[in-house]
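# Topology and contacts: notes
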Amino acid sequence: MNPEPSGPAEPAVPPEPSGAPEPSGAPETSGAPETPRERGAPVGRRVFLGTLALGAVGVLAAPPLQRGLEAFLGSAADKDPTGLTGLLPNGGGFRYYSVTSSVPHKNATNYRLTVDGLVDRPTAYTLADLRALPQTRMVKDVQCVTGWRVPGTPFEGVRLSTLLDAAGVQADAGAIRFSCFDGAYTESLTLAQARRADVLVALRMQDKDLGHDHGGPVRLYVAPMYFYKSAKWLSGITVTEKVKPGYWENRGYDVDAWVGRSNGRDDEPTN
Ligand SMILES: Nc1nc2c(c(=O)[nH]1)N[C@H]1C(S)=C(S)[C@@H](COP(=O)(O)O)O[C@H]1N2
Ligand SMILES: [Mo]
């Protein structure tokens, strides 16, 4: 189940978005699922071959309903060999990704972030609590494992290490498990990775409060790793003994997701 850190492990399951049935009302979040379609992307080929091996039909499942100009242009850009769509104002080069067809909206009234597991003081933070803590801002490139890259993107928020120290991580702890209020996505880091100064619980992106489509009000931001590590709609931080691979990691992506040194890719580092 756990793919080798750098080996071309076959994914256990095909890369289909889990299509939760859509409740009434149009979701504002849409966007292509992380179905790596770019030719030559090692992960894409690996997942594709893995899917063939499983005999699945309809490999690149149609993305969930895509609404809005930005989602449309985002997906068009996936297929545009000229790169011209990259010049259009489509969200500044970002694609909006979700593995579920809809995600509840959370705001200052109903958002909570829990920190639990192997800690002395389990905690639940409101948005106001998080805003009251010291904020760190950094500007680095963003790199998705399917190939798209966005230069110089400001992220701002609370260092994850601040929240871990406040909770009091116990001696037997070795990893962090992240959960999301979309109800499906998960991520993980080793404790050492989680304590890095460039790992944030981000409240702002591009010098604005994080919008819903980018995972607001709060997402994880793991600066030196492929963007799938930066879990959107963050709702839970659980300190565990060992790393448990996350959503995409169960589908073939590397658990240690250093940009340029994982997933068979050679991208420039993000800083
Ligand atoms: N909850 C959740 N977080 C997620 C994802 C997702 O589908 N759901 N996709 C990941 C991937 S693969 C990427 S590239 C980025 C995309 O972030 P964006 O939608 O803000 O561009 O979010 C990451 N975090
Ligand atoms: Mo991604």
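Residues numbered from 1 in each chain as written. Chains lettered and ligands numbered in written order. Predicted model: local features only at pLDDT ≥ 70, side-chain atom pairs only at ≥ 80, totals over all residues. Heavy atoms only, no water.

In the annotation of an unreviewed UniProt entry, the entry for the protein chain reads Molybdopterin-dependent oxidoreductase, and the organism field reads Streptomyces sp. 900129855.

### What about the overall build of the protein chain?
A tally of helices and strands in the protein chain yields five helices and 10 strands. Of the contacts made within the protein chain by residues no fewer than 6 positions apart, 70% connect residues no fewer than 24 positions apart. Of the roughly 12,000 Å² of accessible surface on the protein chain, 55% is carried by carbon and sulfur atoms. (Helix = DSSP H or I, 4+ residues; strand = E, 2+ residues; numbered from the N terminus. Contact = heavy atoms within 4.5 Å. Areas by Shrake-Rupley, 256 points an atom, 1.4 Å probe, with all protein chains shown as cover.)

### Points about the nonpolar core
With 44 residues, the main nonpolar core has Leu113, Leu160, Leu234 and Ile237 as its most contacted residues. It is helix α4 (residues 160–167) that contributes the most residues to this core, four residues altogether. For leucine 113, the residues in contact, after removing those within four places along its chain, are Thr123, Ala124, Tyr125, Leu130, Leu163, Val201, Leu234, Ser235, Gly236 and Ile237. Membership of the second largest hydrophobic core comes to 15 residues, among which are Trp148, Tyr221, Ala223 and Phe227. (Core = buried A, V, L, I, M, F, W, Y, C linked by side-chain atoms within 4.5 Å. Buried < 20%, exposed > 50% of the residue type's maximum accessible area, 1.4 Å probe, protein only.)

### Comments concerning the pattern of salt bridges
This model, assessed by the stated rule, comprises 10 salt bridges. Residues aspartate 207 and arginine 137 are paired through a salt bridge, measuring 2.9 Å at the closest nitrogen-oxygen approach. Taken together, the residues span a long stretch of sequence, with aspartate 207 in the loop between β7 (199–205) and β8 (208–209) and arginine 137 in strand β3 (residues 136–143) at a distance of 70 residues. For aspartate 207, a relative accessible area of 37% corresponds to the partly exposed category. Residue glutamate 156 pairs with arginine 204 through a salt bridge whose shortest N-O separation is 3.7 Å. Of the two residues, glutamate 156 is situated in strand β4 (residues 149–159) and arginine 204 in strand β7; the sequence distance between them amounts to 48 residues. Among the residues examined, glutamate 156 registers a relative accessible area of 18% and is labelled buried. (Salt bridge = Lys/Arg side-chain N within 4 Å of Asp/Glu carboxyl O.)

### Focus: the packing of aromatic side chains
Counting across every chain of the model gives 11 aromatic pairs. Between phenylalanine 155 and phenylalanine 227, the aromatic rings sit 6.2 Å apart at their centres with planes inclined by 70 degrees, giving edge-to-face as the arrangement. Of the two residues, phenylalanine 155 is situated in strand β4 and phenylalanine 227 in the loop between β9 (219–222) and β10 (234–240); the sequence distance between them amounts to 72 residues. With a relative accessible area of 12%, phenylalanine 227 lands in the buried category. Aromatic side chains tyrosine 228 and tyrosine 253 sit 4.7 Å apart centroid to centroid with 50 degrees between the ring planes, which places their arrangement in the tilted category. Here tyrosine 228 is found in the loop between β9 and β10, whereas its partner tyrosine 253 is found in the segment after β10, with 25 residues between them in sequence. The rings of Phe94, Tyr97, Trp148, Phe155, Tyr221 and Phe227 are connected pair by pair, giving a single aromatic cluster. Taking the ring centre of phenylalanine 181 as reference, the NZ or CZ of lysine 106 above it sits at 5.6 Å. The positively charged end of arginine 251 is found above the aromatic ring belonging to tyrosine 247, 3.8 Å away from the centroid. (Phe/Tyr/Trp six-rings, centres within 6.5 Å; stacked < 30°, edge-to-face > 60°. Lys NZ or Arg CZ within 6 Å of the ring centre and 35° of its normal.)

### Things to note about α4
For α4, the full list of buried residues reads Leu160, Ser161, Leu163, Leu164 and Ala167. Projected down its long axis, α4 carries its buried residues within an arc of 160 degrees, all on one side. Phi turns positive one or two residues past the end of α4, at glycine 168, with a value near 75 degrees. (Arc of directions from axis to C-beta.)

### Remarks on the side chain of threonine 153
Within the secondary structure layout, threonine 153 lies in strand β4. When near neighbours in sequence (up to four residues on either side) are disregarded, threonine 153 contacts Phe94, Met138, Val139, Lys140, Val142, Met205 and Gln206.

### Quick look at unusual backbone geometry
For the bond running from glycine 216 to proline 217, omega is 10 degrees, close enough to zero to count as cis. Mapping proline 217 onto the fold places it in the loop between β8 and β9. Not every positive phi belongs to a glycine, and glutamine 206 is a case in point at roughly 55 degrees. The residue glutamine 206 is located in the loop between β7 and β8 in this model. The exposure class of glutamine 206 is partly exposed, given its relative accessible area of 29%. The residue asparagine 263 is not glycine, and still its phi comes out positive at about 55 degrees.

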